[in-house]
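The primary structure of each chain is shown beneath.
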Amino acid sequence: MAALVRVQGLCKTYLSGNVKVEALAGIDLDIYPGDFLAISGRSGCGKSTLLAMLGALDRPTEGKVFIGDVDLTTLDDAGLSEIRSKIGFVFQSFNLFQNLDVVENVELGMSISNVPRAKRRSKAVFMLELVGLGDRMDHRPNELSGGQQQRVAIARALARDPAYLLLDEPTGNLDSRSAIEILRLIQQLNRRGATIVMVTHDPAIARQAGRSITIKDGKIDSRSTTIKVSPRR
Amino acid sequence: MFASDIVRYALGTMRRRKLRTTLTSLGVTMAIAVIVALLSITQGLQTSVENELSGLGTDTLTVAAKDGSSLLINDTAKIEGLKHVSVAVPLVQRTGYLKEGNTTVRVSIVGMDLEKYREAYSEAFVAERGSIPSDASNDVVIIGARVYDPGDNGTVQFPLGSSAKVLKQESYGKEVGDLYYSGNVTGVLNTMGSLSVGVLSDSSIYIPIEQAESFYGTDQCSLIIVKLQDDSQAARDQVAAAISEQFGGKVTVSASGFIHNVVTKVFSTLDLFLVGVAIITVLIAGVGIMNTMTVSLIERTREIGTLKSLGLKDGKVLGIFLCEACIVGLIGGLAGTGLGFALASVISSFLNDSALLSWSGLGVYGNIVITPELSVATAAVTVAFGVIVSVLFSLYPAWRASRMSPMVALRHE
């Protein structure tokens, strides 16, 4: 099967004052359609930087990132924006717009992609029902619990039928019960065919993914695959 | 993102930041209000002065003695002998009182050849009531409209046909000796309005020149009004030069065109002053807008990052910020235009009620009534100006927002 995303020799160096910080030091990685990949590691290891490269949010210092046949490193700002409109982002702190109500938040991503208004509303309603928030559409984000807000963010990301979902610590701001619910929702989406890349610092959560890599000092330290055994009846 | 979505998004953001939006709009409102108030007062003043000056005509000259010299009533004969001169009217002007029964009012007393003056100002020197006799006897008194009926409400002080005492300035409270004479009120002039034509004023009375000569015991006059046979510039210049030469340069000759020129120059200077005020006001408001937009940009860094992570292009981010600036400018422009005109009305009303705009000189007496003016076109321009100022001063913060790296913006705390 052809890889959906290919990362080759990816390096990223930042300047922090006069000090060079090597966030990524040669990452090679393939992501396949339907993957559920967890990227874990300690704080500052470079996992969020890798996610930013996969999401066309930043440019690498060296190396290549291919989405299909498109090399992201050759694109200008407008080209990167275009790519981002085809990727679903979910952030640790939800990043919802407080000036919009829940359904409008879900619609916003589609409006950026120029989806006609009538179509946007029906799709947003469908997505909110999918994540179990069909009855909270007219609420403002700050009227919802953390778990519910993260569901809205997932609905927003999914509404544009993205090529893949990038989740940055999606359970980081949630209590344990909400975290389990969100994790179950992510697993459900993956079972329905969504390609998911999730950054987490929590090894227990990383183990819930089909595949996981651990980053250490900007390099992949370990790779593992979870074999799921169905319980005997 | 469609344009309608950008507008909706901008409106939503502004609704959420009501206080900030109100304060920013207030900056534009105040700037536009100051400009509109000054503009409409100046425009009203200019129109008022121009309307009144138009009554002066362009075919008359005013001759006045320079300091240290004097004009004689007989000097008119010299002037009337000049080429292009139709008639020369001597005027003796004094301040005094008119009294009848218990009513005494302070007036400007003008001694003139009534028939000649009517020839010079045929349209303005017309009786609204009674008549201006052509062969006036010495006891004739013509009165201005406000002397006749001060409140313009039918309360007549000096009825036609009444015998009124004309008092010298120094006679008030005395009425002795030759300090007064009795005259018959035979005519009331048309209402002149805010500004007088020639020496005509609503608060003046007019008596025959012979009576003025004997009453004041003088052969000198205050002014000579010269009516020309034609109103060409060449004729005006020629006669003015001839009079000046005849009096050895001891007189000032003013054409009404000269007054027009002075007024035009004054208003041109006022316009420059207005431009200066507008620039300063706009700069102050603009810096305020830029400051607010920059603070807003910092506050909304993560929001910008999220929008960009959703694929919003730089141009659209710029569009959102400029759209907000546009709306702020529109609100400020509309409110400022309304407030400015209201302010102009209040200020004009205050000025009109006070005596600040009463004046005299160059044979012209009166007070100016300002009616603030603001045409629809001017109002539209000021509103548009508010929008332009707001957008211009938001360009830099909006550009910064559009150029922000999504990665940096998302990591902003």
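Because the structure is predicted, anything quoted here is derived from the model rather than measured. (Residues numbered from 1 in each chain as written. Chains lettered and ligands numbered in written order. Predicted model: local features only at pLDDT ≥ 70, side-chain atom pairs only at ≥ 80, totals over all residues.)

**Quick word on the interface of chain A and chain B**
Tallying the contact residues gives 22 residues for chain A and 18 residues for chain B. Broken down by secondary-structure element, the contributors of at least two residues to the side of chain A that touches chain B are α2 (77–84) and α3 (102–112) of chain A. In terms of residue count, α2 of chain A provides more of the side of chain A that touches chain B than any other element does, five residues in total. Among the residues forming the side of chain A that touches chain B, the class breakdown is eight nonpolar, 10 polar and four charged. (Contact = placed C-beta atoms within 7 Å. Helix = DSSP H or I, 4+ residues; strand = E, 2+ residues; numbered from the N terminus. Nonpolar A, V, L, I, M, F, W, Y, C, P; charged D, E, K, R; others polar.)

**Some points on helix α1 (residues 47–54) of chain A**
Residues and elements named next belong to chain A. Among the eight residues in α1, eight count as buried, and that is most of the element. By the burial criterion, the buried members of α1 are Lys47, Ser48, Thr49, Leu50, Leu51, Ala52, Met53 and Leu54. Downstream of α1 by a residue or two, Ala56 has a phi angle that is positive, lying close to 60°. (Buried ≥ 20, exposed ≤ 12 C-beta atoms within 10 Å, placed from the backbone.)

**Focus on the confidence of the model for chain B**
Residue and element names in this part refer to chain B. In this model, chain B carries an average pLDDT of 84, and 89% of its residues clear a pLDDT of 70 or more. Mean pLDDT in chain B bottoms out at strand β14 (residues 364–367), which sits at 50, and peaks at strand β6 (residues 140–143), which reaches 92. Contacts from residues 360–365, a stretch scored under 50 in pLDDT, to residues over four places away or in other chains number 15 contacts. Complex prediction metrics read pTM 0.68 and ipTM 0.88. (pLDDT = per-residue confidence, 0-100.)

**Description of the pairing of strand β7 (residues 163–168) of chain B**
Residues and elements named next belong to chain B. In terms of strand pairing, strand β3 (residues 85–100) meets β7 through four bridges, oriented antiparallel. Looking at β7, one finds that Gly96 is bridged to Lys168. Note that β7 and strand β8 (residues 180–189) share five bridges and pair antiparallel. Across the sheet, residue Leu167 finds its bridge partner in β8, namely Tyr180. (Pairing = 2+ DSSP bridges.)

**A word on the nonpolar core**
Ranked by internal contacts, the top residues of the largest apolar core, which has 65 residues, are Ile39, Val106, Leu128, Ala155, Leu166, Ile196 and Val197 of chain A. For this core, the element with the highest residue contribution is helix α5 (residues 146–158) of chain A, accounting for six residues. Beyond its immediate chain neighbours, meaning those up to four positions away, Val197 of chain A contacts Ile31, Leu37, Ile39, Leu51, Leu54, Tyr164 and Leu166 of chain A. Of all hydrophobic cores here, the second largest spans 55 residues; its members include Leu98, Val110, Leu189 and Ile205 of chain B. (Core = buried A, V, L, I, M, F, W, Y, C linked by C-beta atoms within 7 Å.)

**Description of the environment of Pro406 of chain B**
Its location among the elements puts Pro406 of chain B in helix α12 (residues 406–411). With 27 C-beta atoms packed within 10 Å, Pro406 of chain B lands in the buried category. Beyond its immediate sequence surroundings of up to four residues, Pro406 of chain B is in contact with Leu57 of chain A together with Gly305, Lys308 and Ser309 of chain B.

**What about the packing of α5 of chain A against helix α6 (residues 176–191) of chain A?**
Residues and elements named next belong to chain A. Where α5 meets α6, the closest approach of the two axes is 9 Å, and the angle between their N-to-C directions is 20°. Between α5 and α6, the angle is such that the two are roughly parallel. Both α5 and α6 take part in a crossing whose hand is right-handed. Of the residues in α6, those in contact with Gly146, Gly147, Gln150, Arg151 and Ile154 of α5 are Ser178, Glu181, Ile182 and Leu185. (Axes fitted to C-alpha atoms, helices over the stretch in contact; angles between N-to-C directions. Parallel < 35°, antiparallel > 145°, perpendicular 65-115°, else oblique. Left-handed = near helix turned anticlockwise from the far one by under 90°.)

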